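Reading the structure
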Amino acid sequence: FERTLEENVRLASDVLTILTPPENSMMYTRVLAGMPPGEGQFPGLIVLLLAGYGVWTLWQNGKKETAILFTVCGLSCWVLSLGPRIKFNAEPLVPGPYALLMLLVPVFKVLRMSTRFGAFFIFSLSVLAAFGAKEWLRPRKEKRVQHFVLMLLILCMEYMALPPLGPAPDADGIPPVYQWMASQKEQKAVIELPYTHGYTDAFTMFFSMHHSMKILNGYASFSPPEGMIGVMGLVDFPSRESIRLLQATGADWLVVRQAILQRPLEGVPAGLKPLAHFEDDFVYEIHGDPELHQMKGTPLPKDAYAF
């Protein structure tokens, strides 16, 4: 369950991300070509100004401990978000303290996106900005509401960003194979081909919300060893070994989306029974193997899946 150093470096923030608004920002445009993505760390100019004013007013009012606490916390988390090698405009420059944490604290070897420490940086910044806003509004009693509304409008303008949207299939756009599965009353465990542990399986998970069957496919940022056995073992489907692997999973049905799989099937593979056919989508019942059934509950040898 450990992440590699290279993966952490690649997914870490850049020094310039604190100054880079998101690509879909409605107020700002990217001035410098080739700037790294903002990664959600762009706080906006108003918040930066208010936070700076908040630190100054806290210091002046004798609340130095509060100013130091949130300043140190914010800066520390920002530096940690830069990852094990601090990058400037996508070029690694010097090792960062995150590399030392990966070496000394085991849990940091599990994390893969140090950029998420930027959330704690934004949290500290927002607290300081709140102190700054409070002090800025204090002497403006007569027009405090108007100044607050103006500040809120500017903040909304800075943060306004419309994400790119794409069409999602509605009830009429669900592929017929999933509509058929949804009409079945009995709950089944299903495995679908192609089986990639990638974006293809993400769509499989999406459509499972419609038919509510149990699925073995899944997509996440980390692929467990068992999942990679499935990916590698089913790559040569419908070989005898791949059919035995399907039988060993304990799944009841196999769904083959042949148009996505892009591999024509000649006949029905042994060990599978056709159940339904919808254009390029096939549903098979997986027949159990007597040998595998007898082995149920028995640990397999270490070289059982030596792909």
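Figured I'd write up the structure that's included with this text. (Residues numbered from 1 in each chain as written. Predicted model: local features only at pLDDT ≥ 70, side-chain atom pairs only at ≥ 80, totals over all residues. Heavy atoms only, no water.)

Some remarks on the environment of Pro-274
You can see Pro-274 is positioned in strand β6 (residues 272–278). Separated by twelve residues in sequence, Pro-274 and Ile-286 have C-alpha atoms that sit 9.1 Å apart. Once residues lying within four places of it in the same chain are set aside, the contact partners of Pro-274 are Val-268, Val-283 and Tyr-284. (Helix = DSSP H or I, 4+ residues; strand = E, 2+ residues; numbered from the N terminus. Contact = heavy atoms within 4.5 Å.)

Observations concerning the pattern of salt bridges
Per the stated rule, a full pass over the model turns up three salt bridges. With its nearest N and O atoms 3.3 Å apart, the salt bridge here joins Glu-186 to Lys-188. Exposure remark for Glu-186: the relative accessible area of 52% places this residue in the exposed category. Arg-257 is the salt-bridge partner of Asp-281, the closest N and O atoms lying 3.2 Å from each other. One end of the pair, Asp-281, is in strand β7 (residues 281–286); the other, Arg-257, is in strand β5 (residues 253–257), with 24 residues separating them in the sequence. (Salt bridge = Lys/Arg side-chain N within 4 Å of Asp/Glu carboxyl O. Buried < 20%, exposed > 50% of the residue type's maximum accessible area, 1.4 Å probe, protein only.)

Things to note about the nonpolar core
Among the nonpolar cores identified, the biggest contains 20 residues, and Phe-121 and Met-151 are the most heavily contacted of them. At the level of secondary structure, the elements contributing two or more residues to this core comprise α2 (45–60), α3 (64–81), α5 (118–137) and α6 (144–159). Ignoring any residue separated from it by four or fewer positions in sequence, one finds Phe-121 in contact with Ile-18, Gln-41, Gly-74, Cys-77 and Trp-78. Counting 18 residues, the second largest nonpolar core, distinct from the first, contains Ile-191, Tyr-195, Leu-245 and Val-256. (Core = buried A, V, L, I, M, F, W, Y, C linked by side-chain atoms within 4.5 Å.)

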